[in-house]
Amino acid sequence: MAFLARFRTFGCKLNQIETESLAAAFARAGFETVARGPAQVYVVNTCTVTSMAEQKARREIRGYLRESPAGVVIVTGCYASVSAADIAALGPRVAVFPGGLKSALHAAAADLAEALRKGLDVYDAAIAALESATRSSLDRPSQGGSFAFFPERFAFHSRASLKVEDGCDNRCAYCRVCIARGRAVSLDPETALARTRALEASGAREIVLTGVNLSQYRRSGLSFAGLLSKLTDGTESVRFRISSWEPDRVDGEFLEAFAHPRVCAHAHLAAQSGSDAVLARMGRRYDPVTVARAVRDIRAAKDDPFIGFDAISGFPGETDAEARESADFFASVGPAWIHAFTFSPRPGTRAISMRPLVPERVAAERSRELAAIGRRGRIEYAARWVGRDVMAVLEATGEIDPDDAPPSGDEPGTARADFHAARIAVADNYLRLSVPGRLPDGSIPAAGVLERLRIESATGDGSGGLGAPDARACFVRTAG
Ligand code: SF4
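Residues numbered from 1 in each chain as written. Predicted model: local features only at pLDDT ≥ 70, side-chain atom pairs only at ≥ 80, totals over all residues. Heavy atoms only, no water.

1. Thoughts on the overall build of the chain
Across its full length, the chain carries 16 helices and 20 strands. For the chain, the C-alpha radius of gyration of 22 Å lies close to 23 Å, the compact-globule estimate for 480 residues. Along the first, second and third principal axes, the C-alpha set of the chain runs to 65 × 60 × 50 Å. Here the chain holds 480 residues, and 54% of them are scored as buried. Within the chain, contacts between residues separated by at least 24 positions form 75% of all contacts whose residues are at least 6 apart in sequence. As displayed, the chain offers around 20,000 Å² of accessible surface, 52% of which is attributable to carbon and sulfur atoms. (Helix = DSSP H or I, 4+ residues; strand = E, 2+ residues; numbered from the N terminus. Rg over C-alpha atoms; globule rule 2.2 N^0.38 Å. Buried < 20%, exposed > 50% of the residue type's maximum accessible area, 1.4 Å probe, protein only. Contact = heavy atoms within 4.5 Å. Areas by Shrake-Rupley, 256 points an atom, 1.4 Å probe, with all protein chains shown as cover.)

Take a look at the structure:
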């Protein structure tokens, strides 16, 4: 008899790959993964970047407790690392595995399945696993624990990921991730290559390389660029995507590795602000001139790459003039996307005591302006690619975040329902493309397959959301 497990992930790509790894372990232990409805075990992989992410996690945890009174809600991740007691207080059947004990959940999966088979209380089994992991301390945020996450199959994503770095040695004023995940550690290059080859052999066509701060990768004398070159040299056909990068680390070595034809034409720069003074207060180690130079050099390395940015608005002390300077800067560099969010004061960080605070309403308004610049940039970027061919990996629908799901009552035949029946592909240049549900020969395309597509028209609203693909594309197949 299969037992049911449900997974919920908040936050970054690192959390997503770690959830994938845990889901694979639960599948091996005999659990069936469900996307909705009651389960015996819930695993909530949390984020602490904003208070909103924490609030959302608490709401979902309470919902799971109501939904399955005899189940267990296992909470892990960065929020669990910094606020374990608060989370445990949410209900009697919550087991908190701080992020440093997250990888112990791989082994715990079998214990939980065993308890359920024997008719024992699964919550008790989770607590026993937690106590055992805590006692042995085998899973401190160290090389072994950080890199125990290597799913042999991906339940929620069509594109594979490989975690090569964890933690960060910087201490940016607003950041709690570096507190939750600890100092930078890097996966050794030989293991990284072996894992990459295993993913390639299993059919992966694209691997997203992830870490908290990839620019801090350093192991066996290799920087991240050295690692990337080792991975491209040591593989045949798989493509690599860099999850995000620091603007001040776009140097010659990085650009050379990035220029490789199997490295996707996509760079996401953690720029955070376009104001020199704000960047200095944030503790970032570069100025807008450096960011602009990074953009120019990245553009020179590839044919019109997709360049996205992270941008925080409403950092303490941000004046109207600085906010204007920041928005003008981002508009001037021609972003294909801006991940705009408002500053969230996090306990334990330097910024929590910085003054003056920017009123929430003002910060939100500034964030909306940055997001609008990003949306306009994305529409323009997609339009530039109309009529051109791209390589793209077809996506499975997978689990849809309830926040992204179409409104209930969507009937087949409506535009949105048709969209969900069709396929989405993610291009080398990160454009999200809607493609026909059938190949030219009438067969149904498989998820995870790499296809040549021709972009026919730009269709998106610039949001990059699930319901608004950037463009419509068709399959390009040569005879034979
Ligand atoms: S670079 Fe700064 S923001 Fe990014 S993880 Fe490190 S400390 Fe946090």
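Still more to cover.
2. Details of the sheet that holds strand E3 (residues 41–46)
In spatial order, the strands read E2-E1-E3-E4-E5; together these five strands make up an open sheet with parallel pairing. Where the open sheet ends on each side, the last strands, each with one partner, are strand E2 (31–34) and strand E5 (94–96). Across the sheet, the axes of successive neighbouring strands diverge by a mean angle of 25°, strand direction being ignored. Pairing between E3 and strand E4 (residues 72–77): six bridges, direction parallel. Each residue of the ladder has a partner; that of Asn45, found in E4, is Thr76. (Pairing = 2+ DSSP bridges. Axes fitted to C-alpha atoms, helices over the stretch in contact; angles between N-to-C directions.)

3. A look at the site of the ligand
Looking at the ligand, the residues that line it are Cys168, Asn170, Cys172, Tyr174, Cys175, Cys178, Val212, Asn213 and Arg284. Counted by class, the shell around the ligand contains six nonpolar, two polar and one charged residues. (Near = heavy atom within 4 Å. Nonpolar A, V, L, I, M, F, W, Y, C, P; charged D, E, K, R; others polar.)

4. A few points about the domain arrangement of the chain
Segmenting the chain into domains produces domain 1 (3–143), domain 2 (161–384) and domain 3 (389–475). Each of domain 1 and domain 2 was reduced to a C-alpha centroid, and the two centroids are 28 Å apart. Between domain 1 and domain 2, the contact holds 17 residues from the first and 22 residues from the second. Each partner contributes to the roughly 1,500 Å² buried at the junction of domain 1 and domain 2, and carbon and sulfur atoms together form 59% of this total. (Domains from an automatic or database assignment. Buried area = accessible area lost by both parts, 1.4 Å probe.)

5. Side note on the packing of helix H14 (residues 320–332) against helix H15 (residues 360–384)
Between H14 and H15, the shortest axis-to-axis distance is 9 Å and the interhelical angle comes to 10°. When the axes of H14 and H15 are compared, the pair comes out roughly parallel. Together, Asp320, Ala323, Arg324, Ala327, Phe330 and Ala331 of H14 and Arg366, Glu369, Leu370 and Ile373 of H15 make up the contact between the two elements. Along the lines of polarity and charge, the residues of the contact of H14 with H15 split into six nonpolar, no polar and four charged. (Parallel < 35°, antiparallel > 145°, perpendicular 65-115°, else oblique.)

6. Regarding the pattern of salt bridges
One pass over the structure, following the stated rule, counts 30 salt bridges. Across the salt bridge formed by Arg117 and Glu114, the nearest N and O atoms sit 3.7 Å from each other. In this pair, Arg117 and Glu114 both sit in helix H5 (residues 104–117), three residues apart, roughly one turn of the helix. Of the residues examined, Glu114 reaches a relative accessible area of 32% and is grouped as partly exposed. Its salt-bridge partner being Arg159, residue Glu395 comes within 3.2 Å of it at the nearest N-O pair. One end of the pair, Glu395, is in strand E16 (residues 389–395); the other, Arg159, is in the loop between helix H7 (143–146) and strand E6 (160–163), and 236 residues separate them in sequence. The exposure class of Glu395 is buried, given its relative accessible area of 16%. By relative accessible area, Arg159 is classed as buried at 14%. Within the structure, one salt-bridge network assembled from shared partners comprises Glu18, Lys102, Lys163, Asp166 and Arg181. (Salt bridge = Lys/Arg side-chain N within 4 Å of Asp/Glu carboxyl O.)

7. Thoughts on the packing of H5 against helix H6 (residues 122–136)
For any two helices packed against each other, the geometry is given by the interaxial angle and the distance between the axes. Contact geometry of H5 with H6 gives a least axis separation of 9 Å together with a crossing angle of 150°. The way H5 lies across H6 gives a crossing that is right-handed. Residues Ala104, Ala108, Asp111, Leu112, Ala115 and Leu116 of H5 lie in contact with H6, whose contacting residues are Val122, Ala125, Ala126, Ala129 and Ala133. Partitioning the contact of H5 with H6 into residue classes produces ten nonpolar, no polar and one charged. (Left-handed = near helix turned anticlockwise from the far one by under 90°.)

8. Considering the side chain of Ser326
Among the secondary structure elements, Ser326 is positioned in helix H14. Overall, Ser326 belongs to the buried group, its relative accessible area being 3%. For Ser326, the contacting residues outside a window of four places in its chain are Ser273, Gly274 and Ser275.

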